[in-house]
Amino acid sequence: DAALHGQLQGCEFPASLPGACFYISHLTGEFEVLSSKHVSLTTKAKVVLLDVEGTTTPVDFVYSTLFPFARERLTSYLADHFEDEAVQNAISQLAKDYAKESEGVSPTEWNKTPQAAAEFCHWLMDRDRKATGLKTLQGLIWKHGYESGDLKAPIYDDVLPAMERWAESGKRVC
C-alpha cells in the first residue's frame, strides 16, 4: 500500500514460488511475477493477505495474549465443541502428532477424549511443539474468542485505514 509503505516502491521481495519473486508496482497497483528466466506475468492484485505478528499488531500480542488465551480455554473448548467437525479433524491430526512424538510418553494415554486431547495439547505447549493439530485447535479457540468478543486485538493506527482503502478498491483483505 503506497500510503503505508512508500519507501518500498519498486522493491522486490522473495516469494515462496521457487525461482520467482514478486515486484510491487505502486504506480499501477499491479504485482508482477518474475520467473528465473525473467519471463513476467502481470495481474491485478485481488487479495491482500496480512500477517498478524508485527504487521497489524505488536509482536508481543501473540505471546502475551493469544497463546495464554488458547491455553486457558483449551479444556473447556474441547469439552463444549468436541463433536464439531473442525475439532474432530484437529483431533485426528493430534492422533498423528501423538504417534510421531519421539520424546517419550505424553502425560496421558491417547484415547481421543476431550481430557486426553487437552492434556496432550498442554504437554505439546510446554515443549513449544509446533504440532498441526495443536495449531488448528488454537486457531479455532481464537476464532471463537474473537466472535464472542472475549478476545480483542490491538492494531496499529495505520492498519484500519489501509484495509478500508484496499476494500474500497475491490480487494479482498485477509
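The rules behind the values
- Residues numbered from 1 in each chain as written.
- Predicted model: local features only at pLDDT ≥ 70, side-chain atom pairs only at ≥ 80, totals over all residues.
- Heavy atoms only, no water.
- Core = buried A, V, L, I, M, F, W, Y, C linked by side-chain atoms within 4.5 Å.
- Buried < 20%, exposed > 50% of the residue type's maximum accessible area, 1.4 Å probe, protein only.
- Helix = DSSP H or I, 4+ residues; strand = E, 2+ residues; numbered from the N terminus.
- Lys, Arg positive; Asp, Glu negative; His and termini not counted.
- Salt bridge = Lys/Arg side-chain N within 4 Å of Asp/Glu carboxyl O.
- Contact = heavy atoms within 4.5 Å.
- Phe/Tyr/Trp six-rings, centres within 6.5 Å; stacked < 30°, edge-to-face > 60°.
- Expected span 1.5 Å × (residues − 1).
- Arc of directions from axis to C-beta.
- Axes fitted to C-alpha atoms, helices over the stretch in contact; angles between N-to-C directions.
- Parallel < 35°, antiparallel > 145°, perpendicular 65-115°, else oblique.
- Nonpolar A, V, L, I, M, F, W, Y, C, P; charged D, E, K, R; others polar.

Undergrad: An account of the nonpolar core is needed here, citing residue identities and associated values.
TA: Of all hydrophobic cores here, the largest spans 27 residues; its most connected members are Leu74, Leu78, Val87, Leu94 and Leu137. For this core, the secondary structure elements donating two or more residues are α1 (60–81), α2 (85–100), α3 (114–126) and α4 (132–148). When residues in this core are grouped by element, the largest group, eight residues, is from α1.

Undergrad: Go over the side chain of Asp97, please, and point to the residues and values.
TA: Position of Asp97 among the secondary structure elements: in helix α2. The buried charged residue Asp97 lacks any salt bridge, with Lys100 as its nearest oppositely charged partner at 5.1 Å. Non-local contacts of Asp97, meaning those with residues more than four positions away in its chain, are made with Phe120, Ala131, Thr132, Gly133 and Leu134.

Undergrad: Run through the pattern of salt bridges, naming residues and quoting values.
TA: All told, the structure shown has four salt bridges when counted by the stated rule. Where Lys143 meets Glu147, a salt bridge forms, and the shortest distance between an N and an O atom there is 3.1 Å. Residue Lys143 and its partner Glu147 are both found in helix α4; the two are separated by four residues, about one turn of the helix. Taking the relative accessible area as the measure of exposure, Lys143 reaches 48% and is therefore partly exposed.

Undergrad: Outline the packing of aromatic side chains, listing residues and values.
TA: On inspection of all chains with the given rule, the structure shows four aromatic pairs. Centre to centre, the rings of Tyr63 and Phe67 are 5.3 Å apart; their planes meet at 75°, and the pair counts as edge-to-face. Of this pair, Tyr63 and Phe67 both sit in helix α1, four residues apart, which is roughly one turn of that helix. The class of Tyr63 is exposed, set by a relative accessible area of 53%.

Undergrad: Summarise α2; cite the residues concerned and give the values.
TA: In an α-helix, one turn spans 3.6 residues, which is why side chains three or four residues apart end up on the same side. Its 16 residues place the ends of α2 23 Å apart at the C-alpha level, agreeing with the 22 Å of an ideal helix rising 1.5 Å per residue. When α2 is considered as a whole, its buried residues turn out to be Val87, Ala90, Ile91, Gln93, Leu94, Ala95 and Asp97. Packed against the buried residues of α2 are α1, α3 and α4.

Undergrad: Describe helix α5 (residues 159–168), naming the residues involved and giving the relevant values.
TA: Of all the residues in α5, the buried ones are Val159, Ala162 and Trp166. Seen along its axis, α5 keeps its buried residues to an arc of 70°; they face one direction. Here the buried face of α5 lies against β5 (47–48) and β6 (172–173). Directly beyond the C-terminal end of α5, a positive phi value near 90° is found at Gly170.

Undergrad: Please provide a residue-by-residue account of the packing of α1 against α4, values included.
TA: α4 packs onto α1 with a crossing angle of 95° between their chain directions and a minimal axis gap of 8 Å. Here α1 lies roughly perpendicular to α4, going by the angle between them. Across from Phe61, Leu66, Phe67, Phe69, Ala70, Arg73, Leu74, Tyr77, Leu78 and His81 in α1, the residues of α4 making contact are Lys135, Leu137, Gln138, Leu140, Ile141, Trp142, His144, Gly145 and Tyr146. Class assignment of the residues belonging to the contact of α1 with α4 gives a composition of 13 nonpolar, four polar and two charged.

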